[in-house]
Amino acid sequence: MDINNLEYNTEREKLIIPEYGRHLQKMINFTVEIEDREERNKVARSIIAVMGNLQPHLRDVPEFQHKLWDQLFIMSDFKLDVDTPFPVLTKEKLQERPDPLDYPQNFPKYRFYGNNIKRMIDVANSWEDGDLKNALTFTIANHMKKCYLNWNKDTVEDSVIFDHLFELSSGKINLKGSTEDLTDSSNLLRGKKKKHTNTGGKKNYRSRGKKRY
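Everything quoted here is computed from the prediction, not taken from an experiment.

Draft legend 1. Broad picture of the packing of helix α6 (residues 131–151) against helix α7 (residues 158–168). The contact between α6 and α7 brings their axes to 10 Å, and the two run at 115 degrees. Our classification of the angle between α6 and α7 gives roughly perpendicular. Considering the relative orientation of α6 and α7, their crossing is right-handed. Where α6 approaches α7, its residues T137, I140, A141, M144, K145 and Y148 are matched on the opposing element by D158, V160, I161, H164, L165 and L168.

Below, the structure is given as structure tokens:
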């Protein structure tokens, strides 16, 4: 064996989609050079069949067939000119950036309240004025205050919560002139602080129920 004629992968052409292997890449490169269009179409369809055989459970699915043709054009570096049953994939189309998705948040300015708060406010706006709506309104305001404290800091004025509630309700819920105070910040944070309570460094080991003989 002549070791001088050995080919190393580091010296070979880089594979565009390595999963299909070098032999398939060589077949595609050969197809690009075929001058007769009818023959080129025939060979391209044969290559698609070989690619589909690698995943036989998907080869007859229309969406998967579209994917195979797209991969064929990608591996040919978009130089292959053949007739396809799908729109021809171009390099510009492949590199085109998708449109940004809209963030599902009605008020990104106050994300710390969460989307459920806005839904609760919409429900409160749909109710008739009365004691029941007033109770729901203050429940919402207290929950907003708790969310604010968990996200931001240890204290917040009720007037800030009332301003935010007024804005989130599009001016339909106005507690700015209310004489009723919301729950004290220390009470809202009490459960949060319990999680960080130190027991003096003593560890409580529980028995695992094993019998000693």
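Draft legend 2. Structural detail: the nonpolar core. Ranked by size, the top nonpolar core spans 24 residues in total, and within it Y113, I140, M144, I161 and L165 carry the most contacts. In contact with L165, other than residues within four places in its own chain, are I121, T137, I140, A141, M144, I173 and L175. Counting 20 residues, the second largest nonpolar core, distinct from the first, contains A44, M75, L80 and L89.

Draft legend 3. Expanded view of a negative patch on the surface. A grouping of E33, E35, D36, E38 and E39 is seen on the molecular surface, where their side chains present a negatively charged patch. Counting through the fold element by element, E33 comes out in the loop between α1 (21–32) and α2 (37–53). Given the relative accessible area of 62%, E33 is considered exposed.

Draft legend 4. Up close: the pattern of salt bridges. All told, the structure shown has eight salt bridges when counted by the stated rule. Here K145 ties to D158 by a salt bridge, and the two come within 2.9 Å at their closest N and O atoms. With K145 in helix α6 and D158 in helix α7, this residue pair connects regions lying 13 residues apart in the sequence. Of the two residues examined, K145 and D158, each falls in the buried class. Three or more residues are tied together by salt bridges with common partners; here these are R37, D81 and D83.

So, how was this worked out
Throughout, a residue's number is its position along its own chain's written sequence, starting from 1. In view of the model being predicted, local features appear only for residues whose pLDDT reaches at least 70, and side-chain atom pairs are presented and counted only at 80 or more, with totals across whole chains, interfaces and linings using the full set of residues. The basis for every side-chain value is the complete set of non-hydrogen atoms in the structure, without hydrogens or water. Only the stretch in contact is used when a helix axis is fitted, and all axes are lines through C-alpha atoms; the angle between N-to-C directions ranges over 0 to 180 degrees. Helix and strand definitions follow DSSP, with helices as H or I runs of at least four residues and strands as E runs of at least two, each counted in order from the N terminus. When describing relative orientation, an angle under 35 degrees is termed roughly parallel and one over 145 degrees roughly antiparallel, while 65 to 115 degrees is termed roughly perpendicular and anything else oblique. In this scheme the handedness of a crossing depends on how the near helix is turned from the far one: anticlockwise by less than a right angle means left-handed, clockwise means right-handed. Note on contacts: a residue pair is in contact if any heavy atoms of the two residues lie within 4.5 Å. Joining through side-chain atoms within 4.5 Å is the link that ties buried Ala, Val, Leu, Ile, Met, Phe, Trp, Tyr and Cys residues into a set, and such a set is a nonpolar core. For every residue, the accessible area obtained with a 1.4 Å probe (protein chains only) is divided by the maximum for its type, and the residue is called buried under 20%, exposed over 50%, and partly exposed between those limits. Residues enter patches when their relative accessible area tops 30% and they take part in no salt bridge; the joining distance is 9 Å for like charges and 5 Å for the nonpolar side chains Val, Leu, Ile, Met, Phe, Trp and Tyr. Only the protein chains shown count as cover for residues, with accessible areas throughout obtained via the Shrake-Rupley method and a probe of 1.4 Å. We define a salt bridge as a side-chain nitrogen of Lys or Arg found within 4 Å of a carboxyl oxygen belonging to Asp or Glu. As used throughout, the charge tally considers Lys and Arg to be positive and Asp and Glu to be negative, leaving His and the chain termini uncounted. For this purpose, a charge sits on NZ of Lys, CZ of Arg, CG of Asp or CD of Glu.

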